[in-house]
Structures are given as C-alpha cells and as structure tokens.
Amino acid sequence: DPTCGSGSLLIKVAEYLQAKGGIVGDLYGQELNSLTHRLAKMNMCLHNVNIDNFHIDNVDTLSVNNNSAGRKFDITVANPPYAVEWDNGEYRLADSRFSGYGALAPRSNADLAFVQHIIHHMSDNGHAAILLPLGVLFRGNAEQTIRQAMIDTYNIIDAIVVLPSNCFYGASIPVCCMVLRKDRGTKND
C-alpha cells in the first residue's frame, strides 16, 4: 500500500488471504506523515505481524521512486488521499511511473498519479484495488488522456465498482474501487 496510513488496509487484506488459505509474504507500505508511519508500524506489531515480514517506509510516494525501486507486487491495495496537490513538473515525464500515458495528472489532483505509481509496481500477474473519488472516472483533459491510455495502451482496468456516499469514514463523497489486473493481455486477446 503506497499510501498505507495506519496500515489497517494492509492488515485486513493479509488476514483475509490467510483465512482463505492464501500465502502471505511480506507487507510493504509507504506513508508520508511521520506520526502515522509510526502508528502503522505499531499496528503491525499489535496484529502479530512479525517485524521481519513488514516494511513501512516514511516517504512521499510520488516525489521519489527510490524506496520501491525494483519491487514488483502481486497484490496492491490503496486508499490514497483524495485531490492532493503534487509537483507535476515536465521532468516527471522522464520518470517511468508517469511516462507512456500521454499526460501528467494535474498539479491540483494527484489521484491518477497514485494509480500510475501502483501500475508501475505491479508484478506481471499483479492485481490492485484502489479506492478513489468518483470524479476520477469523469474529469477531462489530462485525466481523460491517462484513463484512455490505461484502457488502450495498458488494458489494465478489470472492473470499476461504484460505492455510495458516506461509505467510508471521512469521505462523504461517492467513491469507486478501481480494480486492476496486469495479466489481461492485449486488447485483441
């Protein structure tokens, strides 16, 4: 979870997989806020996750790609902060996470930048579930260009589940769950 907060979503997914007989490897998270980063580490310990099996980094996920460099993930879950500002300078087009989409997410709204980061770090058989504000599906300009590349170039969107307003604490707006699968093949398969 590149925006793990207190780590509860990571823990819930791991518990669910274990309950279904799945194999859970290491848990990775990134969190910008130092206090919340420490809470995530404490939360892992309180839920009996072995300290050798979780890695929670205190970093700005979108600023530098060094903490996830080379890592590919089979399962990614995220509930990134909605409509946060980010530095979308032209130099970002040289960052492999954001190149190849024909546009950069707008400075005032990094929603799809988080999605691009997640796509970049998915393994060849990777799956992701990302909670996003519903507007991410309808906004135009650069965001429309990025969505179109996700469909036409990457063929990575497996499902969109629209959820009702007030479904999550602190988010009164309607949200969606964007489900991604890297192994969908080309559009013509």
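This text goes with the structure placed above it.
Values in this document were obtained by computation on a predicted structure and should not be read as measured data.

A. Focus on the overall build of the chain. Along its length, the chain carries four helices and six strands. Counting helices and strands in the order they occur from the N terminus, the chain gives α-β-α-β-β-α-β-α-β-β. Sequence separation of 24 or more characterises 70% of the internal contacts of the chain that already satisfy a separation of 6 or more. Put simply, the chain shows about 9900 Å² of open surface, and 53% of that area lies on carbon and sulfur atoms.

B. Quick peek at the nonpolar core. Counting 28 residues, the largest nonpolar core has Trp86, Val115, Ile119, Ile130, Met150 and Leu180 as the members making the most contacts within it. Among the secondary structure elements, those contributing two or more residues to this core are α3 (111-120), β4 (122-133), α4 (142-152) and β6 (175-181). Apart from the residues within four sequence positions on either side, Met150 is in contact with Tyr101, Leu112, Val115, Ile119, Asn155, Ile156, Ile157, Met178 and Leu180. Of all hydrophobic cores here, the second largest spans 10 residues; its members include Leu10, Ala14, Ala40 and Met44.

C. Quick peek at the side chain of Ser123. Locating Ser123 in the fold gives a position in strand β4. The residues touching Ser123, leaving out its near neighbours within four places in the chain, are Lys72, Phe73, Asp74 and Lys182.

D. Representation of the pattern of salt bridges. Evaluated as defined, the whole model comprises nine salt bridges. Where Glu15 meets Lys12, a salt bridge forms, and the shortest distance between an N and an O atom there is 3.9 Å. Here Glu15 pairs with Lys12, and both are found in helix α1 (residues 8-19), just three residues apart, close to one helical turn. Exposure remark for Glu15: the relative accessible area of 33% places this residue in the partly exposed category.

E. Region of interest: unusual backbone geometry. Although it is not a glycine, Ala83 sits at a positive phi angle of roughly 55°. Take Ala83: it is sitting in the loop between β3 (73-78) and α3. One non-glycine residue with positive phi stands out, namely Asn155, at about 45°. With a relative accessible area of 11%, Asn155 lands in the buried category.

F. Spatial organisation of the environment of Met150. You can see Met150 is positioned in helix α4. Classification of Met150 as buried rests on a relative accessible area of 0%.

G. Local environment of the packing of aromatic side chains. Considering all chains together, one arrives at three aromatic pairs under this definition. Ring centres 5.1 Å apart and planes at 55° place the aromatic pair Trp86 and Phe98 in the tilted group. Residue Trp86 is located in the loop between β3 and α3, and its partner Phe98 is located in the loop between β3 and α3; the two are separated by 12 residues in the primary sequence. This pair shows no difference in class: Trp86 is buried, exactly as Phe98 is.

Definitions and cut-offs
- Residues numbered from 1 in each chain as written.
- Predicted model: local features only at pLDDT ≥ 70, side-chain atom pairs only at ≥ 80, totals over all residues.
- Heavy atoms only, no water.
- Helix = DSSP H or I, 4+ residues; strand = E, 2+ residues; numbered from the N terminus.
- Contact = heavy atoms within 4.5 Å.
- Areas by Shrake-Rupley, 256 points an atom, 1.4 Å probe, with all protein chains shown as cover.
- Core = buried A, V, L, I, M, F, W, Y, C linked by side-chain atoms within 4.5 Å.
- Buried < 20%, exposed > 50% of the residue type's maximum accessible area, 1.4 Å probe, protein only.
- Salt bridge = Lys/Arg side-chain N within 4 Å of Asp/Glu carboxyl O.
- Phe/Tyr/Trp six-rings, centres within 6.5 Å; stacked < 30°, edge-to-face > 60°.

None of this, on its own, says anything about what the molecule does.
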